[in-house]
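# Residue-level structural notes
Spelled out from the first residue to the last, the chains are:
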Amino acid sequence: MFTIIGTMFTGIILGYIFRNMDFLRKTEKTISYTIVLLLFIMGLSVGSNDRIIENLGSFGWQAAIIAFSATCGSIIAAWLVLTLFFKKGESHEG
């Protein structure tokens, strides 16, 4: 766990140091492809695990409930921010 977090922070630090280099600006497309590849490999590992496949019904409902709750919470938080900080009639320009 600490190795993964350390690797991530090392990447952040190196990215900050070398942020003005041209080759780093061209990595945006490859990042999307890498994420898709990682999701595909994760799907392969989930699909090959018999315990996960056998319990997919209960895991699926739990995941759906968590996703629905997170979406509702995000909508409520966005609505609160909108009503508390961006009231009608106020101009935020200038």
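On a predicted model such as this, the values are computed, not experimentally measured, just so you know.

Each value, and the rule that gives it
Residues numbered from 1 in each chain as written. Predicted model: local features only at pLDDT ≥ 70, side-chain atom pairs only at ≥ 80, totals over all residues. Heavy atoms only, no water. Phe/Tyr/Trp six-rings, centres within 6.5 Å; stacked < 30°, edge-to-face > 60°. Lys NZ or Arg CZ within 6 Å of the ring centre and 35° of its normal. Patch = residues over 30% accessible without salt bridge, like charges linked within 9 Å, V, L, I, M, F, W, Y side chains within 5 Å. Areas by Shrake-Rupley, 256 points an atom, 1.4 Å probe, with all protein chains shown as cover. Salt bridge = Lys/Arg side-chain N within 4 Å of Asp/Glu carboxyl O. Helix = DSSP H or I, 4+ residues; strand = E, 2+ residues; numbered from the N terminus. Buried < 20%, exposed > 50% of the residue type's maximum accessible area, 1.4 Å probe, protein only.

## Re the packing of aromatic side chains
Counted under the stated rule, the structure contains zero aromatic pairs. One residue, Arg 19, lies across the ring of Tyr 16, its end atom 4.1 Å from the ring centre.

## Comments concerning a nonpolar patch on the surface
On the surface, Ile 76, Trp 79, Leu 80, Val 81, Leu 82, Leu 84, Phe 85 and Phe 86 cluster together into a nonpolar patch covering about 850 Å² of accessible area. Structurally, Leu 84 is set in helix α5 (residues 56-85). Taking relative accessible area as the criterion, Leu 84 reaches 54% and is therefore assigned exposed.

## Overview of the environment of Thr 83
Assignment of secondary structure puts Thr 83 in helix α5. The class of Thr 83 is partly exposed, set by a relative accessible area of 32%. Spatially, the C-alpha atoms of Thr 83 and Ile 53 are 44 Å apart, while their sequence positions differ by 30 residues.

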